[in-house]
Amino acid sequence: RKEVEQDPGPFNVPEGATVAFNCTYSNSASQSFFWYRQDCRKEPKLLMSVYSSGNEDGRFTAQLNRASQYISLLIRDSKLSDSATYLCVVNRHNFNKFYFGSGTKLNVKP
Amino acid sequence: DAGVIQSPRHEVTEMGQEVTLRCKPISGHDYLFWYRQTMMRGLELLIYFNNNVPIDDSGMPEDRFSAKMPNASFSTLKIQPSEPRDSAVYFCASSLRTSGRSYEQYFGPGTRLTVT
């Protein structure tokens, strides 16, 4: 079983829509969680960390559910510039290995 | 402040040739990671270093791949001999382990390798 699983999409949404992605992880020892964004032919870049209490950064909200072992990302008022692939990442501190999901592709249409 | 630097950005080589990819991590970061990304397999961790020491190389595909980190500001990933199935984008990333809860990784722009 993969460490991190994501729906590959693509999610095709109109501008202004709200869209949510989920990601599940298999190891309950995972301790740090992140969402990365990757534009076409570019490197992954950190979008936001995910904290147990949930956290928000502008139009982006991340949630963590440890009991069910999933992470979510909510994007409100989608912009054309949000079109990218969103990678879910988990980390177990004692190994300091980062496990990347295969990514969810988002297309925001005018 | 400069980010992670990788060279070359693009490499086209023939099967059987040796390929060397280079990485300069962010100054002060104590972890360095090498990844490979393909459409089929996504982003795969090949090897990572802590304070220049290789910690986990279980992701290195086979003996044709080797990585070194002679000092805190430089690492290489070598493929010898190269094969067409090695064609991929190779990313280097670095991070700083702190007493905090997050260990964000910062990626370089990648080296796009094509082996013909």
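Basis of the calculations
- Residues numbered from 1 in each chain as written.
- Chains lettered and ligands numbered in written order.
- Predicted model: local features only at pLDDT ≥ 70, side-chain atom pairs only at ≥ 80, totals over all residues.
- Heavy atoms only, no water.
- Pairing = 2+ DSSP bridges.
- Helix = DSSP H or I, 4+ residues; strand = E, 2+ residues; numbered from the N terminus.
- Axes fitted to C-alpha atoms, helices over the stretch in contact; angles between N-to-C directions.
- Buried < 20%, exposed > 50% of the residue type's maximum accessible area, 1.4 Å probe, protein only.
- Core = buried A, V, L, I, M, F, W, Y, C linked by side-chain atoms within 4.5 Å.
- Contact = heavy atoms within 4.5 Å.
- Salt bridge = Lys/Arg side-chain N within 4 Å of Asp/Glu carboxyl O.
- Disulfide = S-S within 2.5 Å.

K.L.:
When you look at the sheet that holds strand S7 (residues 60–65) of chain A in this model, what are you seeing that I'm missing?
P.N.:
Each strand in a sheet pairs with its neighbour through backbone hydrogen bonds, running either in the same direction (parallel) or in the opposite one (antiparallel). Residues and elements named next belong to chain A. Read across the sheet, 5 strands follow the order S1-S3-S8-S7-S6 without closing on themselves; strand pairing throughout is antiparallel. The strands lining the two open edges of the sheet, one partner per strand, are strand S1 (4–6) and strand S6 (55–57). Averaged over all neighbouring strand pairs, the angle between strand axes comes to 20°, with direction disregarded.

K.L.:
Would you explain the pairing of strand S11 (residues 111–115) of chain B in this entry?
P.N.:
Side-chain direction in a regular strand flips from residue to residue, so the side chains alternate between the two faces of the sheet. Residue and element names in this part refer to chain B. Residues Thr 111, Leu 113 and Val 115 of S11 are buried on one face, while the alternating residues Arg 112 and Thr 114, pointing to the opposite face, are not. Sheet topology note: the strand S2 (residues 10–13)/S11 ladder contains 4 bridges and is parallel. Following the sheet pairing, His 10 is matched in S11 by Arg 112. Summarising the sheet, strand S9 (residues 88–95) and S11 pair through 3 bridges and their orientation is antiparallel. From the neighbouring strand, Val 89 faces S11, where its bridge partner is Arg 112.

K.L.:
Quick question: what am I supposed to make of the nonpolar core here?
P.N.:
When a protein is soluble and globular, its nonpolar side chains tend to lie buried together. With 24 residues, the main nonpolar core has Phe 21, Trp 35, Ile 71, Leu 73, Ile 75, Tyr 86 and Leu 106 of chain A as its most contacted residues. Listing elements by their share of this core, those giving two or more residues are strand S3 (19–25), strand S4 (32–38), strand S5 (45–50), S7, strand S8 (70–75), strand S9 (84–92) and strand S11 (104–109) of chain A. For Phe 21 of chain A, the contacting residues outside a window of four places in its chain are Phe 11, Trp 35, Ile 71, Ser 72, Leu 73, Ile 75, Tyr 86, Thr 104 and Leu 106 of chain A. Counting 21 residues, the second-largest nonpolar core is a separate cluster that includes Leu 21, Cys 23, Ile 26 and Phe 49 of chain B.

K.L.:
I tried to follow the pattern of salt bridges on my own but got confused; where do I start?
P.N.:
Any two side chains of opposite charge can pair, on the condition that their charged atoms come close. Residues and elements named next belong to chain A. The tally for this structure, following the rule as stated, stands at 12 salt bridges over all chains. One salt bridge connects Asp 82 with Arg 59, and the closest N-O pair in it is separated by 2.8 Å. Of this pair, Asp 82 sits in the loop between S8 and S9 while Arg 59 is found in the loop between S6 and S7, placing the two residues 23 residues apart along the sequence. Two residues, Asp 77 and Lys 79, come together in a salt bridge whose shortest N-O distance is 2.9 Å.

K.L.:
How should I be thinking about the state of the cysteines in this particular structure?
P.N.:
Note on terminology: disulfide describes a covalent bond linking the sulfur atoms of two cysteines. According to the stated counting rule, one finds 2 disulfides over all chains in the structure shown. Two residues share a disulfide in this structure: Cys 23 of chain A and Cys 88 of chain A, whose sulfurs sit 1.9 Å from each other. Across the disulfide from Cys 23 of chain A to Cys 88 of chain A, rotation about the S-S bond amounts to roughly -65°, and the bridge is consequently left-handed. With a gap of 65 residues between them, Cys 23 of chain A in strand S3 and Cys 88 of chain A in strand S9 connect regions that are remote in the sequence. Overall, the relative accessible area of 0% leaves Cys 88 of chain A in the buried class. Paired by a disulfide, Cys 23 of chain B and Cys 92 of chain B hold their sulfur atoms 1.9 Å apart.

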